[in-house]
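# Coordinate analysis (summary)
Below are the chains, spelled out letter by letter.
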Amino acid sequence: MKLSFSTVGCPSWTWTEIVTCAADLGFAGIELRGMGDDLSLRSVPVFQPGRVEGTAKALQDKGLSISCLASNLYLFAQAFDMEDARHTIDLARSLHCPYIRVLGDAWGPPGSGIDGDLVKRRLTELAPLALDAGVTLLAETNGVWAETAKLKRLIEDVDSPAVRVLWDLHHPYRYFGEAPETVYRNLGPYIKHVHIKDSVMKNGKPLYKMLTYGDLPLAESLALLKEGGFDGYLSMEWVKRWNDELEEPGVAFAHFVYSAEHLLRRI
């Protein structure tokens, strides 16, 4: 398994700072979730036509990859931007990025009133575009889809090799009380990318902690992935963009590398 971090953890960093940190700390990949004020990346200079190919080459020269594009493609929204979807797929292809994270519910705890049929139709519509581009759409275990039997049915109903799963280790456990064994039994063959974080519960709400400072069953989850032959990315999703009280990214990322490598040696 390889390590990456999401840029949601370093919203104020420049691209040079992001790449330098990844290389210096020994990460293999970077997951893109916005830079600065732009969550879509459409205004970020290094990802513009005419420059994006050079950006991909420079990453390759440093031994780095873009592990996933964590997009703003909200499949549950009535006003869905197909142009943005095509742009995101084109960007992933230009960056040689295999995966695009899509959301079937708002970020965080399960919402209400999510139209599952609409989410299924959107995935079915996008799947051929992704397949033609050689990329895979990843439905995240997030919101109502953190109930993994429900997400399994969605993936099976869409029935496309271009639609698979991003396992966020946090949400099924915290919001539905699902043990890692339950998640893996439901979704194991479909898991292509993993978001890893840690937390404790305080006053009925999760409080995010640096890796191994919380009480999520991380070792059990990683052991299941290892036994199943998972060789993708464990991507640190340090939600600094929306939680300014969290530790600074340089501290959190360095700790993550140390802790994740220790966990992997133990399993």
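Our structure's up above, just so we're on the same page.
As the structure is a prediction and not an experimental result, all values here were calculated from the model. Every chain is numbered independently, its residues counted from 1 as its sequence is written. Note on the predicted model: pLDDT of at least 70 is required for a residue's local features to be given, and 80 or more for side-chain atom pairs to be given and counted; whole-chain, interface and lining totals, by contrast, use all residues. Heavy atoms throughout the structure, all of them, feed into the side-chain values; hydrogens and water do not.

As a further point, take the side chain of Ser71. Where helices and strands are cited, they refer to DSSP runs of H or I of at least four residues and of E of at least two residues respectively, numbered from the N terminus. Position of Ser71 relative to the elements: it lies in strand β3 (residues 65–74). Each residue gets one of three labels from its accessible area relative to the maximum for its type: buried under 20%, exposed over 50%, partly exposed in between, using a 1.4 Å probe on protein chains only. Note on Ser71: relative accessible area 5%, which makes it buried. A distance of 2.6 Å separates the side chain of Ser71 from the backbone oxygen of Arg101, its partner in a polar contact. Any two residues whose heavy atoms approach within 4.5 Å are treated as being in contact. Among residues more than four places away in sequence, those in contact with Ser71 are Arg33, Thr88, Ile100, Arg101 and Val102. Under the rule applied, a polar contact is a pair of N or O atoms within 3.5 Å (in protein, one hydrogen donor and one hydrogen acceptor; residues adjacent in sequence only if both atoms are side-chain atoms).

One can describe the packing of helix α4 (residues 116–133) onto helix α5 (residues 148–158) by two numbers: an axis separation of 10 Å at closest approach and a directional angle of 45 degrees. In terms of orientation, α4 and α5 fall into the oblique class. Considering the relative orientation of α4 and α5, their crossing is right-handed. Residue-level contacts link Val119, Lys120, Leu123 and Thr124 of α4 to Leu154, Asp157 and Val158 of α5. Geometry is summarised by axes, namely lines fitted to C-alpha atoms with helices restricted to the contacting stretch, and by angles between N-to-C directions that run from 0 to 180 degrees. Here is the rule for angles: anything less than 35 degrees is roughly parallel, anything more than 145 is roughly antiparallel, 65 through 115 is roughly perpendicular, and the remaining ranges are oblique. By convention, the crossing between two helices is left-handed when the near helix turns anticlockwise from the far helix through less than a right angle, and right-handed when the turn is clockwise.

Among the residues of α5, Thr148, Leu151, Leu154, Ile155 and Val158 are the ones counted as buried. In a view along the axis of α5, the buried residues occupy a sector of 110 degrees, so they form one face of it. Buried-residue contacts for α5 involve α4, β5 (136–140), β6 (163–168), α6 (171–176) and α7 (180–187). Once α5 ends, the next one or two residues include Asp159, with phi positive near 55 degrees. By definition, the arc is the one covered by directions from the helix axis to the C-beta atoms.

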